[in-house]
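Each chain, letter by letter, is given below.
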Amino acid sequence: MTLFDRWTSALDQLRGQGRYRQFAVPDGIDFTSNDYLGYASLPNPPCPDLSRSGTASRLLRGHHPVWDEVESALSAWHGAEAVLMMTSGYAANEGLISTVMEPGDWVATDELNHACIVDGLRLAKCRRFVFRHNDLNHLEEGLKSEAARCETGRERFIITESLFSMDGDRAPLREIADLADRYGAHLVVDEAHSTGCYGPYGSGCVDEAGLRSRVLASVHTGGKALSLPGAYIAGSKLLTEYLTNRCRHLIFTTALPPAVGAWWLAGLPRVQSDHNRRLWLENKAARFRAELAARGVRAGGTEYIVPVVIGDDARAVAAATRLQEEGFDVRAIRPPSVPPGTARLRISIHADHEPAVLIRLAESVADALSHV
Ligand SMILES: Cc1ncc(COP(=O)(O)O)c(C=O)c1O
């Protein structure tokens, strides 16, 4: 079998399973992207036109004073000691985890954590305890048995998303922080889907719960509600200093262009003061969930990410195709993005969706489910 045969047969297998993926030019009303606050369609706030190229690693000529300004604005937003910009949320999670967690360390990770957390843990080669989704008892069982081993010099960590990307439910952060304190574990929270949307001035769930001083680090991306390229890690000065010296995902990659830093500086005050959009988002998500329930459609989660689990991959694709034909850009999410047997429609509500459109979509979802 040649290499090409291997690829062709893997692709054929994906087609057979209904899991083949390809790009599609966006069409229809957007219920797919993570543009929760609706900024992607607004013009950028005015900002200086800085260089459009990073040209080198930030540790070489890729640094620009704009990044110092961005990082200090972000630190102030979170009340964190320090912030370190990264090129993407994927790189931020994978880089943070693989730098900070070492072989022999023990990490409890929620079973639904994102692929970049899973990959970071693989790179870290640490010991992993995968706890059932949001299950505090299971997490505590793991912590207890790890504590009983009494190994010295080995660190314990807990890592969770604050709002789960495919399930639309929130982690019980306060309770997890209590367990972390009780068992001497460091807490890391991925705020990819929360940043901009929760808490005082939109800085996320960690700050909303007053947990800043109790987390080792929180990870944020600009790529979702903030509609900005890049991502960052918030934590202590010592952490960002250590990462600057050891994190391969920062050291061995080209810095983001300074022009992007100018966008961040212009975009941040908008999101910080945009209480209205946060309120619209909350109200519209609640309204859409109520419209689905009124039509007998069971949705998972509680927030503006609304999963409707169908189970079978092909049926989920068929339901999404019907919705797309009616002008709604809703996609089917299949394994490996979600566990096998839980293919779903993932409907992402945005602050600027019109109520009438939400009602029409709820009708169409109910109709699609009865036909697939
Ligand atoms: C929970 C979670 N963490 C991290 C990421 C990665 O962020 P980015 O898109 O900025 O690479 C994603 C993106 O899908 C995500 O859903």
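Structure first, text after, so check above.
The residue numbers shown here count from 1 along each chain, following its written sequence. Local features in this predicted model are restricted to residues of pLDDT 70 or higher, and side-chain atom pairs are both shown and tallied only at a pLDDT of 80 or more, whereas totals for entire chains, interfaces and linings draw on every residue. Based on all heavy atoms of the structure, the side-chain values leave hydrogens and waters out of the count.

### Overview of the overall build of the chain
Stated precisely, the cut-off is as follows: By definition, any uninterrupted DSSP run of H or I lasting at least four residues is a helix, any uninterrupted run of E lasting at least two residues is a strand, and each is numbered from the N terminus. The atom set for the radius of gyration is the C-alpha atoms, and the globule formula is 2.2 Å times the number of residues raised to the power 0.38. When accessible area is computed with a 1.4 Å probe and restricted to protein chains, residues below 20% of their type maximum are described as buried, those above 50% as exposed, and intermediate ones as partly exposed. Contact definition: two residues touch when any of their heavy atoms are within 4.5 Å. Only the protein chains shown count as cover for residues, and all accessible areas are computed by the Shrake-Rupley method using a 1.4 Å probe. Asp and Glu count as negative and Lys and Arg as positive, but His and the ends of the chain are not part of the count. For the purpose of locating charges, the reference atoms are NZ of Lys, CZ of Arg, CG of Asp and CD of Glu.
Across its full length, the chain carries 13 helices and 12 strands. Relative to the 2.2 N^0.38 estimate, which gives 21 Å for 372 residues, the radius of gyration of the chain is 21 Å and therefore close to what a compact globule would have. Considering only C-alpha atoms, the chain reaches an extent of 55 × 55 × 50 Å along its principal axes. In the chain, buried positions account for 51% of the 372 residues. Taking the intrachain contacts of the chain between residues at least 6 apart in sequence as the baseline, contacts between residues at least 24 apart amount to 72%. Summed over its atoms, the accessible surface of the chain is roughly 17,100 Å², and 54% of this surface lies on carbon and sulfur atoms. Charged side chains of the chain number 40 positive and 46 negative; the gap between the two group centres comes to 2 Å.

### Overview of the site of the ligand
The test is simple: Whether a residue is near a molecule or strand depends on its heavy atoms: if one lies within 4 Å, it is near. A 3.5 Å cut-off defines polar contacts: any pair of N or O atoms within that distance qualifies, except that in protein one atom must be a possible hydrogen donor and the other a possible acceptor, and neighbouring residues in sequence count only when both atoms are side-chain atoms. Residue polarity is assigned by list, with Asp, Glu, Lys and Arg as charged and Ala, Val, Leu, Ile, Met, Phe, Trp, Tyr, Cys and Pro as nonpolar; anything else, Gly included, falls into the polar class.
Close to the ligand lie 13 residues; Gly89, Asp190, His193, Thr221 and Lys224 are nearest. Separating an oxygen atom of the ligand from a side-chain N or O atom of His193 is a distance of 2.6 Å. The protein chains hide 81% of the 390 Å² of surface that the ligand would expose on its own. With 3 residues, the single largest contributor to the shell around the ligand is helix H3 (residues 89-100). Considered class by class, the residues forming the shell around the ligand number 3 nonpolar, 7 polar and 3 charged.

### Description of the pairing of strand E5 (residues 156-161)
Where we set the bar: When DSSP finds at least two bridges between two strands, those strands are taken to pair. Seen with the strands pointing away from the viewer, any crossover whose path from the first strand over the helix to the second strand runs clockwise is right-handed.
Judged by how many residues are buried, E5 sits mostly within the fold: 6 of 6 residues are covered. Burial along E5 is two-sided: the face carrying Arg156, Ile158 and Thr160 and the face carrying Phe157, Ile159 and Glu161 are both buried. Pairing of strand E3 (residues 106-110) with E5 involves 4 bridges; the strand directions are parallel. Opposite Trp106, over in E5, you have Arg156 as the bridge partner. Note that E5 and strand E6 (residues 185-190) share 6 bridges and pair parallel. Bridge pairing links Arg156 to Ala185 in E6. Note that the unit made of E5, helix H6 (residues 173-182) and E6 has a crossover that is right-handed.

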